[in-house]
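This is what each chain is made of:
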Number of protein chains: 2
Amino acid sequence: MTARPPAGAHRATRQGRAIVAALRASPSFRSAQEIHAELCAGGQKTGLTTVYRHLQRLADDGAVDVLRQPEGDVMYRYCASDEHHHHIVCRECGRSAETDCPELSDWADRVAHSLGYSDVSHAVEVFGVCADCRAARR
Amino acid sequence: MTARPPAGAHRATRQGRAIVAALRASPSFRSAQEIHAELCAGGQKTGLTTVYRHLQRLADDGAVDVLRQPEGDVMYRYCASDEHHHHIVCRECGRSAETDCPELSDWADRVAHSLGYSDVSHAVEVFGVCADCRAARR
DNA sequence: GTCTAACTGAAAACGGTTATCATTTCGAAA
DNA sequence: TTTCGAAATGATAACCGTTTTCAGTTAGAC
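Every value quoted in this text rests on a predicted model; they were computed, and no experiment measured them. (Residues numbered from 1 in each chain as written. Chains lettered and ligands numbered in written order. Predicted model: local features only at pLDDT ≥ 70, side-chain atom pairs only at ≥ 80, totals over all residues. Heavy atoms only, no water.)

1. Considering the pattern of salt bridges
Selection rule: A carboxyl oxygen of Asp or Glu within 4 Å of a side-chain nitrogen of Lys or Arg is what we treat as a salt bridge. Numbered from the N terminus, helices here are DSSP runs of H or I no shorter than four residues, and strands are runs of E no shorter than two. Using a 1.4 Å probe on the protein chains alone, a residue whose accessible area is under 20% of its type maximum counts as buried, one over 50% counts as exposed, and one in between counts as partly exposed.
A full pass over the atoms with the stated rule returns 10 salt bridges over all chains. A salt bridge links Arg95(B) to Asp132(B); its shortest N-O distance comes to 3.0 Å. Taken as a pair, Arg95(B) in the loop between strand E4 (86-90) and strand E5 (96-99) and Asp132(B) in helix H5 (residues 131-137) lie far apart in primary sequence, 37 residues in all. In this structure Asp132(B) comes out as partly exposed when scored by relative accessible area, which is 46%. Through salt bridges that share partners, Arg30(A), Glu34(A) and Glu38(A) make up one connected network.

Next comes the structure, spelled out in structure tokens:
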């Protein structure tokens, strides 16, 4: 009877490191497919399945933010903050900024309770055009 | 050279009426597939393609609200209000209520502008548990 | 070095949505 | 009422992102 490594621990793999590095290197939301293409292009051969698996686990662990685009694609971004927060995403280049939302939580709670709802959560995404893209337009 | 009916006009069809009726009859968000199944079950034979086409056009016309669930399914609901508004959706039964959002718009604009973003739009969904479902729990 | 659970990835399955295209239907004009 | 073309329909296939499968590989504890 030999001792076992603690079940549930994650192992350090080349692919896992590459995926986290790719996420950290980007200030904007990226799709699994984009990250996969980027890794392959950079010589980091990695299966698409593996990319999906790591992103999913990172999201479960709360290490990345998940955003669903209006078109339905799921995007991932490395989390700067542990706190509950929201994003302002540039419609053109995808760059995003984080913001906290105390007023927003208050608003959601107040409105929900006044309508008889409890256990309130909210999903908010703000879209706009960032300063650089606006400048590039003209 | 014969005169033509105005291009772009919509024609009144049995299927179109059935789809609108199904939407009007429900207080909660429904998926295209659900509506299709409901029509078929009710003897209103209608193609799935046609359901998608009508829902899409209604959404384009602003006649229905569109909501993307966290799981990715697109849901549709008849619009009570023409104004910009948001929904509070019951996590358990899907029932939804509408609410306006002047503070929310202000918040989104203010935060976005302070970060250099313009042409701001926002997507907000609030989820909770409605009074009936809460009562049914215990 | 040994061993095994964790990880990998090619290929297939999945599921919702959209495109294709031959057929049907609405409705304006004659 | 009949005609006729644009619009609508719907069965089928294509699409596309994501998940599952499963045989093979690898990290890392001992």
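2. With respect to the relation of the copies chain A and chain B
Between the two chain copies there is a screw-like relation: a rotation about an axis and a shift along it. Just so we agree on the cut-off: Here the copies were fitted onto each other by least squares, based on C-alpha atoms from residues at pLDDT of at least 70 in both. Residues are treated as being in contact if the distance between any of their heavy atoms lies within 4.5 Å.
Each copy superposes on the other: chain A lies on chain B with an RMSD of 0.2 Å after a rotation of 179° and an axial shift of 0.1 Å. The transformation relating the two chain copies, once decomposed into turn and shift, fits a two-fold axis. Considering only C-alpha atoms, the part of chain A nearest the rotation axis is Val124(A), at 2.2 Å. A shared interface surface links the copies, since 100% of the contact residues of chain A are contact residues in chain B too.

3. Details of the environment of Val74(B)
All names here are of chain B. Among the structural elements, Val 74 can be located in strand E3 (residues 74-78). Exposure remark for Val 74: the relative accessible area of 25% places this residue in the partly exposed category. For the pair Val 74 and Ala 32, spaced 42 residues apart in sequence, the C-alpha separation works out to 7.7 Å. If near-sequence neighbours (up to four positions away) are discounted, Val 74 is found in contact with Arg 30, Ser 31, Ala 32, Val 66, Leu 67 and Arg 68.

4. Section: helix H3 (residues 48-60) of chain A
All names here are of chain A. Here is the rule: Given a helix with a known number of residues, its expected span is that number minus one, times 1.5 Å. In this description, the arc belongs to the directions extending from the helix axis to the C-beta atoms.
Look at H3: 18 Å from first C-alpha to last across 13 residues, which is about the 18 Å you get at 1.5 Å a residue. Taken residue by residue, H3 has Thr 50, Val 51, His 54, Leu 55 and Leu 58 as its buried positions. Looking straight down H3, one finds that the buried residues subtend no more than 130° of arc, so they occupy a single side. In this structure, H3 carries Arg 53 and Asp 60 as exposed residues pointing more than 90 degrees from its buried face.

5. A closer look at unusual backbone geometry
Residues and elements named next belong to chain A. Positive phi is not limited to glycine here, since Asp 119 has a value of about 50°. Structurally, the position occupied by Asp 119 is in strand E6 (residues 118-129). Owing to a relative accessible area of 43%, Asp 119 belongs among the partly exposed residues under this scheme.

6. Some words on the domain arrangement of chain A
Residues and elements named next belong to chain A. Put simply, the rule is: Source of the domain bounds: an automatic or database domain assignment. Accessible area, probed at 1.4 Å, shrinks when two parts are joined; the buried area is that loss added up over both. Here a polar contact is recorded for every N or O atom pair within 3.5 Å, except that within protein the pair must consist of a potential hydrogen donor and a potential acceptor, and residues adjacent in sequence are included only if both atoms are side-chain atoms.
For chain A, the assigned domains are domain 1 (1-81) and domain 2 (83-138). With 12 residues of domain 1 at the interface, the matching set in domain 2 holds 11 residues. Contact with domain 2 buries area across many residues of domain 1, yet Phe 29, Leu 67 and Ser 81 alone supply 47% of it, more than any other trio. Put simply, domain 1 and domain 2 have one salt bridge between them. Inspection of the domain 1/domain 2 interface yields four residue pairs in polar contact (both at pLDDT 80 or more).

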